[in-house]
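# Overview (structure and organization)
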Amino acid sequence: MPRALEYEEITKEYRSWFGRRRVRALQNFSLSVEYGEIFGFLGPNGAGKSTAIHLAMGFMRPSSGSGRMLGQPFDHVATRRRVGFLAENVALYHRRAEAAIRFYGGLNGLHGPALAGATHGALEAVDMQSESGRNLGQFSRGMLQRMGLAQALVNDPELLILDEPTSALDPAARVSIRELLLRFRSQGKTVFLSSHLLSEVELVCDRVAILSHGHVVRTGTLNDMLEATDQVEIVAQSVPPALFANSAVEGPRLHFAVPKSLQREAIERVWSAGGEVVSVNPVRRSLEELFLELTNPDAAPLKLTEPRAGK
Ligand SMILES: Nc1ncnc2c1ncn2[C@@H]1O[C@H](COP(=O)(O)OP(=O)(O)OP(=O)(O)O)[C@@H](O)[C@H]1O
Ligand SMILES: [Mg+2]
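In this report, the structure presented in the accompanying data block is examined. All values reported here derive from a predicted model rather than from experimental measurement.

Rules used in this analysis
- Residues numbered from 1 in each chain as written.
- Chains lettered and ligands numbered in written order.
- Predicted model: local features only at pLDDT ≥ 70, side-chain atom pairs only at ≥ 80, totals over all residues.
- Pairing = 2+ DSSP bridges.
- Helix = DSSP H or I, 4+ residues; strand = E, 2+ residues; numbered from the N terminus.
- Axes fitted to C-alpha atoms, helices over the stretch in contact; angles between N-to-C directions.
- Contact = placed C-beta atoms within 7 Å.
- Near = placed C-beta within 6 Å.
- Nonpolar A, V, L, I, M, F, W, Y, C, P; charged D, E, K, R; others polar.
- Buried ≥ 20, exposed ≤ 12 C-beta atoms within 10 Å, placed from the backbone.

The next point concerns the sheet that holds strand β8 (residues 190-194). Strand pairing in a sheet is mediated by backbone hydrogen bonds. Such pairs are either parallel or antiparallel. The strand order across the open sheet formed by 6 strands is β6-β7-β8-β3-β9-β10, and the pairing between neighbours is mixed. If you trace the sheet from one side to the other, it starts and ends with β6 (83-86) and β10 (215-221), each paired once. Neighbouring strand axes in the sheet, compared pairwise and without regard to direction, differ in orientation by 15 degrees on average. Relative to strand β9 (residues 207-212), strand β3 (residues 38-42) runs parallel, the two sharing 4 bridges. Within β9, the position partnered with Phe41 by the bridge is Ala209. Sitting on the sheet, helix α5 (residues 171-186) is in contact with β3, β7 (159-163) and β8, with an inclination near 145 degrees to β8. Across the sheet, helix α9 (residues 287-295) touches β3, β9 and β10, and the angle it forms with β9 is around 35 degrees.

Okay, structure coming up:
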């Protein structure tokens, strides 16, 4: 079964005009995106996200390695008609909004009533019908980003590739784009999006990949990635705070974290001190913590508390 997007061992080097300086943007980069998922592509500035996206769109070729989009090699021109693409910097010709979207629909082979209907639908999807007669030259950054999304949607794509789709959007527009992406997925379609807005990513993505210095350092479902700590948080009451180091007192309750291997011992310690265990839960990291940990090797390790050795 082909995948929506597949990168195999891709390396991409940019060379300066005279070939003296080289930048290796991607190195042994491999990634698979399945049909029907919303996939988040994360990484610090300069990690290589836009490079990977531009390779899939066939704007340039990899230095080595290969990839497939919707089952076809990246340079297969006809496949691009089945894909909607939003660039990180939206650059559209200055013309009336409706004419701009029509133009992109036309490029994708639409005409007549189908083109009119698709143009209307795309403008409506990003809530820009009321601005359809205005010139794009007068649009704000967020309005242009919405137009970029409308342009990506006009050909009713099977796969949406979005390079930071919501960076300029106001909160209401972000919510409506999130709903749009979920509707899109419910039709069996696929979304591949890069973003720095980790909280947004947590809300919509099924799986994510974290990129650092041109290669994938972690990929998986959000659930698996965020729960993969070996710590549990225990909440107890009626115990003296001094019983566990680094515990936090909240009213009558004591919160502390211990490695899973010490969970039983910690609970028994609470009981033998005459206390009561209120809850035991796996410690979930935030996506931000995981991101910083994986992309910045100098970052301080996660601060999790441990009980004093059980002496
Ligand atoms: N046209 C280019 N010529 C030379 N180097 C480039 C070019 N485009 C990108 N690079 C370099 O490739 C690396 C990856 O850049 P890329 O734009 O793919 O990162 P990114 O992950 O999209 O970052 P951001 O989050 O800032 O958008 C960077 O070191 C960048 O300087
Ligand atoms: Mg980028």
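Now that the structure is up, let's keep going.
Around ligand 1, the neighbouring residues are Tyr14, Val23, Ala25, Gly43, Asn45, Gly46, Ala47, Gly48, Lys49, Ser50, Thr51 and Glu88. Sorting the residues of the shell around ligand 1 by element identifies β2 (22-33) and α1 (49-56) as the ones contributing at least two each. With 3 residues, the single largest contributor to the shell around ligand 1 is α1. When its residues are assigned to classes, the shell around ligand 1 shows 4 nonpolar, 6 polar and 2 charged.

Let us look at the environment of Phe18. Structurally, the position occupied by Phe18 is in the loop between β1 (5-15) and β2. Residue class for Phe18 comes out exposed when judged on the 6 C-beta atoms lying within 10 Å of it. Sequence separation of Phe18 and Ile177 is 159 residues, and the distance between their C-alpha atoms is 43 Å.

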